[in-house]
Amino acid sequence: MGKSQFSMWGWLLQRITGVLLVIGMIVHYLYLHFFTGGILNFNIVTERLHSPWWVLFDACLLGVIIYHGLYGVLGILTDCNMKPSTQKTLNYLFGIVGIGLFFYGFIALLTFYYKAPV
């Protein structure tokens, strides 16, 4: 895959994750602030995250947020006309950081899932 194809797919995925981010944040906001009766506390969040569907939703939202944010920062840095080797190193570095952040957040979600609801 050439550089132009990688850039095209990254650009397209950046737009798709932007749309998914807006949709996900609307669902997240509406559920937590309106469908819980306006009460939001640790027990309600723990109870919600005991559902595998909400854990899946939050894991997907977490992945979308991380990709969109890191690829956006990478795009800003790429505009600085750096050497191709530096850009390649940053691509790998941001990929590793993104995977690490996702697993760290996913472990936190699983902690709530396996905790007994109060």
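Residues numbered from 1 in each chain as written. Predicted model: local features only at pLDDT ≥ 70, side-chain atom pairs only at ≥ 80, totals over all residues. Heavy atoms only, no water.

**Quick notes on the overall build of the chain**
- When helices and strands are counted, the chain shows four helices and zero strands.
- In the chain, the succession of helices and strands from N to C terminus is α-α-α-α.
- The globule rule puts the C-alpha radius of gyration for 118 residues at 13 Å, and the 18 Å found for the chain is more than 25% above it.
- Over its C-alpha atoms, taken along the principal directions, the chain stretches across nearly 55 × 25 × 25 Å. (Helix = DSSP H or I, 4+ residues; strand = E, 2+ residues; numbered from the N terminus. Rg over C-alpha atoms; globule rule 2.2 N^0.38 Å.)

**Quick look at unusual backbone geometry**
- Within the chain, Asn 81 stands out as a residue other than glycine whose phi angle is a positive 50°.
- Mapped onto the fold, Asn 81 is located in the loop between α3 (52-78) and α4 (84-114).

**A closer look at the packing of aromatic side chains**
- Per the counting criterion, the structure on display carries nine aromatic pairs.
- Between Tyr 67 and Tyr 71, the aromatic rings sit 5.4 Å apart at their centres with planes inclined by 10°, giving stacked as the arrangement. Of this pair, Tyr 67 and Tyr 71 both sit in helix α3, four residues apart, which is roughly one turn of the helix.
- Every member of this aromatic cluster is reached through a ring pair, and the members are Tyr 31, Phe 35, Trp 54 and Phe 57. (Phe/Tyr/Trp six-rings, centres within 6.5 Å; stacked < 30°, edge-to-face > 60°.)

**What about the packing of α3 against α4?**
- Where α3 contacts α4, the axes come no closer than 10 Å and their chain directions differ by 160°. In terms of axis orientation, α3 runs roughly antiparallel to α4. For the crossing formed where α3 meets α4, the hand is right-handed.
- Classifying every residue of the contact of α3 with α4 gives 18 nonpolar, six polar and one charged. (Axes fitted to C-alpha atoms, helices over the stretch in contact; angles between N-to-C directions. Parallel < 35°, antiparallel > 145°, perpendicular 65-115°, else oblique. Left-handed = near helix turned anticlockwise from the far one by under 90°. Nonpolar A, V, L, I, M, F, W, Y, C, P; charged D, E, K, R; others polar.)

**A closer look at α4**
- A rise of 1.5 Å per residue sets the reference length of α4, with its 31 residues, at 45 Å; its end C-alpha atoms lie 45 Å apart and thus fit the reference within 8%.
- When α4 is considered as a whole, its buried residues turn out to be Gln 87, Leu 90, Phe 94, Gly 98, Gly 105 and Leu 109. (Expected span 1.5 Å × (residues − 1). Buried < 20%, exposed > 50% of the residue type's maximum accessible area, 1.4 Å probe, protein only.)

**Thoughts on the environment of Phe 57**
- Mapped onto the fold, Phe 57 is located in helix α3.
- Note on Phe 57: relative accessible area 22%, which makes it partly exposed.
- For the pair formed by Phe 57 and His 28, sequence separation is 29 residues and the distance between their alpha carbons is 9.1 Å.
- Residues contacting Phe 57, with those up to four places away along its chain left out, are Gly 24, Val 27 and His 28. (Contact = heavy atoms within 4.5 Å.)

**A word on the side chain of Arg 48**
- When you line up the elements, Arg 48 lands in helix α2 (residues 42-48).
- One polar contact links Arg 48 to Asp 58, side chain to side chain, over a distance of 3.0 Å.
- Contact partners of Arg 48, with chain neighbours within four places excluded, come to His 28, Tyr 31, Leu 32, Trp 54 and Asp 58. (Polar contact = N/O pair within 3.5 Å; in protein donor to acceptor, adjacent residues only side chain to side chain.)

**Notes on the environment of Ile 16**
- Among the secondary structure elements, Ile 16 is positioned in helix α1 (residues 3-33).
- Judged by relative accessible area, which is 40%, Ile 16 ranks as partly exposed.
- Once the C-alpha coordinates of Ile 16 and His 68 are considered, the two residues, 52 residues apart in sequence, prove to be 9.1 Å apart.

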